[in-house]
Amino acid sequence: MEVKKVMVIGAGQMGSGIAQVCAQAGYSVYMNDIKQEFVERGLGVIKKNLSRQVEKDRMSAEEMEGILARFTPSTTLQDASDVDLVIEAAVENMEIKSQIFSELDEIAPEHAILASNTSSLPITEIAAATNRPEKVIGMHFMNPVPVMKLVEIIRGLATADDVYTTIEEMTKNLRKVPVEVNDFPGFVSNRILMPMINEAIYTLYEGVASEEAIDEVMKLGMNHPMGPLTLADFIGLDTCLYIMETLHEGFGDDKYRPCPLLRKYVKAGWLGKKTGRGFYVYE
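Residues numbered from 1 in each chain as written. Predicted model: local features only at pLDDT ≥ 70, side-chain atom pairs only at ≥ 80, totals over all residues. Heavy atoms only, no water.

**Side note on the environment of Pro260**
Phase 1 of the analysis: Within the element layout of this structure, Pro260 appears in helix α11 (residues 260-267).
Phase 2 of the analysis: Look at Pro260 and you get partly exposed, because its relative accessible area is 30%.
Phase 3 of the analysis: Residues Pro260 and Ala19 lie 241 residues apart in sequence; the distance between their C-alpha atoms is 36 Å.
Phase 4 of the analysis: With residues near it in sequence (within four places) discarded, Pro260 still touches Tyr202 and Tyr205. (Helix = DSSP H or I, 4+ residues; strand = E, 2+ residues; numbered from the N terminus. Buried < 20%, exposed > 50% of the residue type's maximum accessible area, 1.4 Å probe, protein only. Contact = heavy atoms within 4.5 Å.)

**Structural notes on the packing of aromatic side chains**
Phase 1 of the analysis: Applying the stated criterion across every chain yields a total of four aromatic pairs.
Phase 2 of the analysis: Taking the centre distance of 5.2 Å and the plane angle of 75° together, the rings of Tyr265 and Trp270 count as edge-to-face.
Phase 3 of the analysis: The buried category is assigned to Tyr265, whose relative accessible area is 12%.
Phase 4 of the analysis: Just above the ring of Tyr164 sits the side chain of Arg155; from NZ or CZ to the centre is 4.5 Å.
Phase 5 of the analysis: Against the face of Trp270 rests Arg277, its NZ or CZ located 3.8 Å from the ring centre. (Phe/Tyr/Trp six-rings, centres within 6.5 Å; stacked < 30°, edge-to-face > 60°. Lys NZ or Arg CZ within 6 Å of the ring centre and 35° of its normal.)

**Regarding the UniProt feature "binding site: NAD(+)" (unreviewed entry) in the protein chain**
Phase 1 of the analysis: Look at the UniProt record and you will see "binding site: NAD(+)" (unreviewed entry) annotated at Gly10, Ala11, Gly12, Gln13, Met14, Gly15, Asp33, Glu92, Lys97, Ser119, Asn143 and Lys274. In summary, the annotated positions, distributed over 265 residues, remain apart in three dimensions as well, the widest C-alpha pair reaching 22.9 Å.
Phase 2 of the analysis: Secondary-structure assignment places Gln13 in helix α1 (residues 13-24).
Phase 3 of the analysis: Owing to a relative accessible area of 58%, Gln13 belongs among the exposed residues under this scheme.
Phase 4 of the analysis: Relative to the helices and strands, Lys274 is located in the segment after α11.
Phase 5 of the analysis: Every residue in contact with Lys274, bar those within four places of it in the chain, is listed here: Gly236, Asp238 and Thr239.
Phase 6 of the analysis: Separated by 2.9 Å, the side chains of Lys274 and Asp238 make a polar contact. (UniProt positions renumbered as here; feature names shortened; annotations may be inferred. Polar contact = N/O pair within 3.5 Å; in protein donor to acceptor, adjacent residues only side chain to side chain.)

Okay, here's the thing in structure tokens:
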């Protein structure tokens, strides 16, 4: 199956990034969110990103205008009635995602593939909200989407081989590297990354070292581009907590138990860079 028209649901950081790379690769894109202002904000971020590329002579102004012309703003799921692929990048909540997929199943054409950008939730369970589980798949992009090369492609229990092949080819068209992953909590990326971040938080909680020292050890000793506590602040501590809870519940193993300090920060509203305070203070 050939993908020509895509709907991206969610115009936040991940959704706008996914929409941008789809439009840059030549796809027509519906950019969808529940409010017009959210869609406009997402399109504003994309325009800013592309303008920066023009300033650096990596793209012409004509190319930028061509990419922007491929977007259609959307505030209703009914617009999915003529797409080949939907990529959902809504909030990381199973109830919300299941509701979206159930509605999309009624609206989207029979041939359309329904993909989720979930970072930890089971694709099989999301697919169960539809009558086309064979056409449901996970496409887990990394943040920031325009920069990061990896896309984890997650097969649900019923995902058809031709659906996987279509999404693998499309991912390559987006100039990303597809990696096939089976449907387990946290997939590969977050199953490995989040316990490391959680352990770094335990190290701080137990007074082993300061935030700066923990991050410096991992940067200089392990050659990580940024320390785990800085990374947690960038991801969002609420997102880190939610993924740890998903891992803990999914595996039933105490090695995935979220650190009490992580819970305390989230309850305090210290969610990282987006709120101005997490493990570090941001202006």
